[in-house]
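A structural walkthrough
Read off the chains here:
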Amino acid sequence: MDASNQRTGCGSDGGLFSLRACSASSSSVLGNIPPRSVSVKTRVAWFLAETTLTLAFSRRRRRSSSAPTVSLAATSDDDEPTREDAKSYEHAGGDGFPDDIECQLVMTLPENATVCGYAVDVDGQLVEAVVVSKEKARTTFEVEMREKRGAAIAEQTTANIFTLRIYPFHKDTDRIVQVVFTQQLTTPLGRLSEEIAYTLPLCTVSKLHTFDFKASIVTPTPFISPPRTVLATASGLLAPTGVQVSPNEFECEYEMHNTAPPHTISIYVPMAMQHSNASEEVTSESCTEHLPRALTEAGESSTDDSDKVFFAFQAHFDVEGMVPQKSVSSVVILWDTSLSRAQCDTSKELAVIKSLSILSKTFIDIVLFSGSIISEFRTKCSDTTAILAYIQSKSVYNGGSNLLCACARANAAPPNSICLLFTDGMHNWIENEDYQGFTFSVPIFTLTASLQADFSYMKRVSARSGGLFFNLNNSCDPMSLILQPVTFYTGCTDAAGLPLSDTFPATPTPLSDVFKLAGRIPSPMEDMQLLLHFKTPKTGVVMTQTILVPRKPSFLTQGTVSRYWAQQHTEELTTFGDYEQNQAKILHLGRRYRFVTPETSLIVLEHLDQAISNYLLSLILTFNKYLKHHIEPPDSLPSVKREYLIQIAKQRVGFHLTSWE
């Protein structure tokens, strides 16, 4: 996939959120169905963001007032279609696809993002998906498709790539798809910025009938200045104005008709990121008014979290004051030439290598590898021209990656070396358990500029070796951290020094410029102070940072912080330890807190009997489908869910009576 298509929601050639039409019998790709209208609703709450995308598609042969719309405001279909509109609608109806097709939507989400909501239209209304195990979702979908029944699932394909599957999409019909995903925000390209940035990259396509965007931004403290919204279009930048609803709440809307949508949506929130100096201890007697604060959320009253409080914390730590390494004996560059990186834009990666020129007299080894070590080249860091020329001329991208082989080569470097591993972590020969008996003798810093990368795998390699992971789409100067001794977060305690068990990260974690923490603690009677502990093994320096967990819940909607905690817990389970032993825990977290994980997916069932027009009969058919597969219906079908629970209870009572007899 080329750089232009490394975007959220892009198909291979269909543009913005195009459905990939597939044969129901052979799964072969037939082409793409572009959207007719797109709605984007975003809620940004400090460093947590939730985005709802509603996409309308049509396979009708010509413009029709019954075609779906997802505009926030009513629009008219009486306008005369333009030449591009006519071409689009001709494609929608005259696509040449069979009547009975499966459609897929492949989405590449940002790092640390996950799908937490999915809905499709059933009998004229959006029906929410429910969380089930990934295996059950896939099996149920395949069964329904073979029986020519309707179903839709959302699953994590790999790393940050999610696939939505819908069956069927008949000719001369419309479909509406809605997907919700959450992500964690940081400052844009560098830790010195005083803005938190939300960015939604989109692909440029031909005209949409309607595109609308609405953003709601809330912060724990008043805005320093109003947030900025920027829509990047083919003709330039648009900066829609918004309304400051309150000192810490801002709203913005924008709508476009019969035109190409923006290719990027950006929101910049100029609030103070919480800055901390980890080299200075903050005692419990310090004024709590000036302590960094966490976001809090009370546990749901009807669950086992009813007596718990969830908290989420993010801060920028000033690490420049740490004593840098006096000398670097050598540098090793491990450059992945596997096939998955063939179309990757490596300009940001090459820029990092170019910055090594500050180590002018230090020798550098350039190692090209895929399934094995391919070639090596040695020179001095000051000779950047030769270094870049060697990488660009000798790299032939093919095959898979053997990262364990690359790590073994790094171990051959002399003491006080630094090793930079440029990879996407994809299609790796080596599984997690193969690293169990491997000893790292050199810290490995993993770096990538790819939007489609196995971030968890790269974090695992860097953390186990004592290095750091850098997503170069979020970091502009990794060398300032690479050339300093690595500082580790070692744990969290209460003010009395007692360790807290339900906080993540739970294992010693290298500290980069942005530190994130999530926890679940018993409901405090008053504001609670927590101590974060850090250590720099190279210098022996031990540091402590005090943060405040307010007793009163924050301004967020229910489920935001608790789901963030569950995501951090899931990342810990997938990054460290034995994955097979953690599978059951990952499945429980996904089902309990309702989001897609490597072990859970979202599913919607629908009868799709077009001869049924009676609403009650339609509900009965839908109920029978959920009961058949033993899947609890969503809250958006209250009568179906109520009847399902009654039937399940009757079955259980009947089973117990039979057993007693």
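Starting afresh in each chain, residues are numbered from 1 along the sequence in its written order. In keeping with the predicted nature of the model, local features appear solely for residues at pLDDT of at least 70, side-chain atom pairs appear and are counted solely at 80 or more, and the whole-chain, interface and lining totals rest on all residues. Neither water nor hydrogens contribute to the side-chain values; these are computed over all heavy atoms in the structure.

To continue, consider unusual backbone geometry. Look at the link from Y167 to P168: it is a cis peptide, with omega at -10°. Only DSSP runs of H or I covering at least 4 residues are called helices, and only runs of E covering at least 2 are called strands; the numbering of each starts at the N terminus. Note that P168 resides in the loop between β10 (161–167) and β11 (174–184). Following F504, the chain continues into P505 via a peptide bond in cis, with omega recorded as 15°. Secondary-structure assignment places P505 in the loop between β29 (503–504) and β30 (509–510). A positive phi angle is found at K148, which is not glycine, with a value near 60°.

If you walk across this open sheet you meet the eight strands as β7-β6-β11-β4-β3-β13-β17-β16, and the pairing is mixed. Bordering the open sheet on either side are β7 (125–128) and β16 (242–246), each of which pairs with just one other strand. Going across the sheet, the axis of each strand differs from the next one's by a mean of 15°, ignoring polarity. Whether two strands pair comes down to DSSP finding at least two bridges between them. Relative to β7, strand β6 (residues 114–122) is paired through four bridges, and the arrangement is antiparallel. Across the sheet, the residue bridging to A119 is E128, located in β7. Axis lines are fitted through C-alpha atoms, for helices just across the contact stretch, and the angle between N-to-C directions can take any value from 0 to 180 degrees.

For the rest of this paragraph, the subject is helix α6 (residues 455–465). With a 1.4 Å probe rolled over the protein chains alone, any residue whose accessible area is under 20% of its type maximum counts as buried; one over 50% counts as exposed, and the rest are partly exposed. Most of α6 sits out of view: nine of its eleven residues are buried. For α6, the set of buried residues is F455, Y457, M458, K459, R460, V461, S462, A463 and S465. Contacts between residues were defined by any pair of non-hydrogen atoms, one from each residue, lying within 4.5 Å. Those residues of α6 hidden inside the fold are in contact with α5 (403–411), β25 (418–422), β26 (444–448), β27 (469–471), β30 and α8 (560–575). In the stretch just after α6, G466 is the one whose phi turns positive, near 90°.

Structurally, R165 can be placed in strand β10. On the basis of relative accessibility, which here comes to 9%, the residue R165 falls in the buried class. Residues R165 and Q104, spaced 61 residues apart in sequence, show a C-alpha to C-alpha distance of 4.5 Å. Excluding its chain neighbours within four sequence positions, the residues that come into contact with R165 are E102, C103, Q104, Y118, F141, E142, M145, A151, A152, I153 and E155. Polar contacts, as counted here, are pairs of nitrogen or oxygen atoms within 3.5 Å of one another; within protein the pair requires one atom able to donate a hydrogen and one able to accept it, and residues that are adjacent in sequence qualify only if both atoms are side-chain atoms. Among the polar contacts made by the side chain of R165, one reaches the side chain of E102 at a distance of 2.7 Å.

What follows is about the pairing of strand β13 (residues 208–218). The buried fraction of β13 is high, at ten of eleven residues. Judged from the nine bridges that link them, strand β3 (residues 37–45) and β13 form a sheet pairing that is parallel. Each bridged residue has a counterpart across the sheet, and for S39 the counterpart in β13 is D212.

Read across the open sheet, the four strands follow the order β12-β18-β14-β15; overall the sheet is antiparallel. The strands lining the two open edges of the sheet, one partner per strand, are β12 (196–201) and β15 (236–238). If you compare each strand with its neighbour and ignore which way they point, the axes differ by 20° on average. Here six bridges tie β12 to strand β18 (residues 264–269), and the two strands are oriented antiparallel to one another. What sits directly across from I196, in β18, is V269.

This part takes up the environment of T544. Considering the arrangement of structural elements, one finds T544 in strand β33 (residues 541–549). For T544, a relative accessible area of 12% puts it in the buried group. As a C-alpha pair, T544 and Y489 span 55 residues in sequence and 9.7 Å in three-dimensional space.

Relative to the helices and strands, S601 is located in strand β34 (residues 600–606). Residue contacts for S601: discarding those within four places in its chain leaves V130, V131, V132, S133, K134, A137, A154 and E155.

On to α5. L403, L404, A406, C407, R409 and A410 are the residues of α5 that are buried. Packing partners of the buried residues in α5 comprise β22 (330–336), β23 (363–369), β24 (373–380), β25, β26 and α6.

Quick look at the pairing of β16 now. Bridge count between β16 and strand β17 (residues 249–259): four bridges; the pairing is antiparallel. In the sheet register, V243 faces β17, and the bridge partner there is E251. Where β16 folds back on β17, the antiparallel hairpin that results is connected by two residues.

The next subject is the packing of aromatic side chains. Classification of ring pairs rests on two measures: the distance between centres of Phe, Tyr or Trp rings, Trp counted by its six-membered ring, which must be within 6.5 Å, and the angle between planes, read as stacked under 30 degrees, edge-to-face over 60 and tilted in between. Applying the stated rule across the entire model yields twelve aromatic pairs. Between W335 and F422, the ring centres sit 5.4 Å apart and the planes meet at 45°, which makes this aromatic pair tilted. One end of the pair, W335, is in strand β22; the other, F422, is in strand β25, and 87 residues separate them in sequence. Taken together through their ring pairs, the aromatic side chains of F310, F504, W565 and Y593 make up a single cluster. It is R341 that lies over the ring of W335; its NZ or CZ is 4.9 Å from the centre. Note on geometry: a ring has a charge over it if NZ (lysine) or CZ (arginine) is within 6 Å of the ring centre and within 35 degrees of the ring normal.

Another point: the pattern of salt bridges. Salt bridge, as applied in this entry: a Lys or Arg side-chain nitrogen positioned within 4 Å of an Asp or Glu carboxyl oxygen. Tallied over the full model, the rule gives 23 salt bridges. Residue R594 is joined to E300 by a salt bridge in which the shortest nitrogen-to-oxygen separation is 3.4 Å. Taken together, the residues span a long stretch of sequence, with R594 in the loop between α9 (579–593) and β34 and E300 in the loop between β20 (295–298) and β21 (308–317) at a distance of 294 residues. Overlapping salt bridges, with partners in common, bring together E144, E147, K625 and K628 in one network.

Just distances and angles here, no functional claims.
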